[in-house]
Structure formats: structure tokens, C-alpha cells
Amino acid sequence: TPRHRVILSLMLIALSMAILVTMYWIFSSPRVIWVYLAYLCGGTAIGSFESNLLSTITPLGPDTKVWAIIGMPVGFTMISVVGYAAM
């Protein structure tokens, strides 16, 4: 179901971040394969998240979908642009 795919995509994005933290910061591994694996997990998660989330919230009505469609890019921009500027 779309709900399970949303949960799976959230787990995959967490796994991609965990791979980077574990392999590079904790174990100080010099291998680049971990980056490829993290990008594979993260790309799969991001690619399947939005469409499945919208499919999951469809029963909640069109207004909910509108706010979700507006909220996803706004949230991404706030995290990437504003977060980068704050660094």
C-alpha cells in the first residue's frame, strides 16, 4: 500500500544518513562505496516519498493535498537554503 511505501522511504532516508555517519565519522572509512550506497538509499526514498504521500492523504480531502503540495517544497527550501545560510 502507499502508506507502507511512505514508511519504507522514511526508513531508507534514515538509513542513508546512518550509513554516512557510521562509516565516515565513527569508523573513518576512506572508501567511496559508502557514498554510493547512501545515495542509492536516499534517492530511492526521495523518489518514492512524494507520490506515495499524496496518494496516502487523498482521502483527507483536496485542501489537505494542496497544503501538502505547498509544504513539501517550502520545507525543503527552508532546510536547504535557510539552513545553509545559517551555517
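All figures in this text were calculated on a predicted structure; none of them were measured in a lab.

Definitions and limits used
- Residues numbered from 1 in each chain as written.
- Predicted model: local features only at pLDDT ≥ 70, side-chain atom pairs only at ≥ 80, totals over all residues.
- Heavy atoms only, no water.
- Helix = DSSP H or I, 4+ residues; strand = E, 2+ residues; numbered from the N terminus.
- Patch = residues over 30% accessible without salt bridge, like charges linked within 9 Å, V, L, I, M, F, W, Y side chains within 5 Å.
- Areas by Shrake-Rupley, 256 points an atom, 1.4 Å probe, with all protein chains shown as cover.
- Salt bridge = Lys/Arg side-chain N within 4 Å of Asp/Glu carboxyl O.
- Expected span 1.5 Å × (residues − 1).
- Bend = angle between axes of the 7 residues up to and from the residue.
- Buried < 20%, exposed > 50% of the residue type's maximum accessible area, 1.4 Å probe, protein only.
- Contact = heavy atoms within 4.5 Å.
- Axes fitted to C-alpha atoms, helices over the stretch in contact; angles between N-to-C directions.
- Parallel < 35°, antiparallel > 145°, perpendicular 65-115°, else oblique.
- Left-handed = near helix turned anticlockwise from the far one by under 90°.
- Nonpolar A, V, L, I, M, F, W, Y, C, P; charged D, E, K, R; others polar.
- pLDDT = per-residue confidence, 0-100.
- Core = buried A, V, L, I, M, F, W, Y, C linked by side-chain atoms within 4.5 Å.
- Polar contact = N/O pair within 3.5 Å; in protein donor to acceptor, adjacent residues only side chain to side chain.

**Quick look at unusual backbone geometry**
Although it is not a glycine, Ser 28 adopts a positive phi angle of roughly 50°. Structurally, the position occupied by Ser 28 is in the loop between helix H1 (2–26) and helix H2 (33–57).

**With respect to a nonpolar patch on the surface**
A surface patch of nonpolar side chains, amounting to about 680 Å² of accessible area, comprises Val 66, Trp 67, Ile 70, Val 74, Met 78, Val 81 and Val 82. Tracing the backbone through its elements, the reader meets Val 74 in helix H3 (residues 62–86).

**Remarks on H2**
Since one α-helical turn is 3.6 residues long, residues separated by three or four positions face the same way. If you check H2, its first and last C-alpha atoms are 36 Å apart, about what 25 residues at 1.5 Å a residue would give, namely 36 Å. At Phe 49, H2 shows its largest kink, close to 35°. Taken as a whole, H2 has its buried residues at Ala 38, Cys 41, Gly 42, Ala 45, Asn 52, Leu 54 and Ile 57. At its buried positions, H2 is contacted by H1 and H3.

**Things to note about the packing of H2 against H3**
Direction vectors running N to C along H2 and H3 enclose 160°, while the axes themselves pass 10 Å from each other. Here H3 runs roughly antiparallel to H2, going by the angle between their axes. Our pair here, H2 against H3, has a crossing hand that is right-handed. Residues Phe 49, Glu 50, Leu 53, Leu 54 and Ile 57 of H2 lie in contact with H3, whose contacting residues are Thr 64, Lys 65, Ala 68, Ile 69 and Met 72. Looking at the contact of H2 with H3 residue by residue, the classes come out as seven nonpolar, one polar and two charged.

**Focus: the confidence of the model for the protein chain**
Averaged over every residue, the pLDDT of the protein chain is 92; the share at 70 or more is 100%. Here H3 stands out as the element of the protein chain with the lowest mean pLDDT, 89, in contrast to H1, whose mean of 94 is the highest.

**Remarks on the environment of Thr 22**
On the secondary structure map, Thr 22 appears in helix H1. Thr 22 sits in the partly exposed class, given a relative accessible area of 25%. Expressed as a C-alpha distance, the spacing of Thr 22 and Trp 34, which sit 12 residues apart in the sequence, is 9.8 Å.

**Considering the nonpolar core**
Formed by Leu 12, Ile 19, Met 23, Ala 38, Cys 41 and Ala 45, the largest nonpolar core amounts to six residues. Contact partners of Cys 41, with chain neighbours within four places excluded, come to Leu 12, Leu 15, Ser 16 and Ile 19.

**Regarding the side chain of Asn 52**
Structurally, Asn 52 is set in helix H2. Overall, Asn 52 belongs to the buried group, its relative accessible area being 8%. Within the structure, Asn 52 has its side chain in polar contact with the side chain of Arg 5 (distance 2.9 Å). Once you skip the residues sitting within four places of it in the chain, Asn 52 turns out to touch Pro 2, Arg 5 and Val 6.

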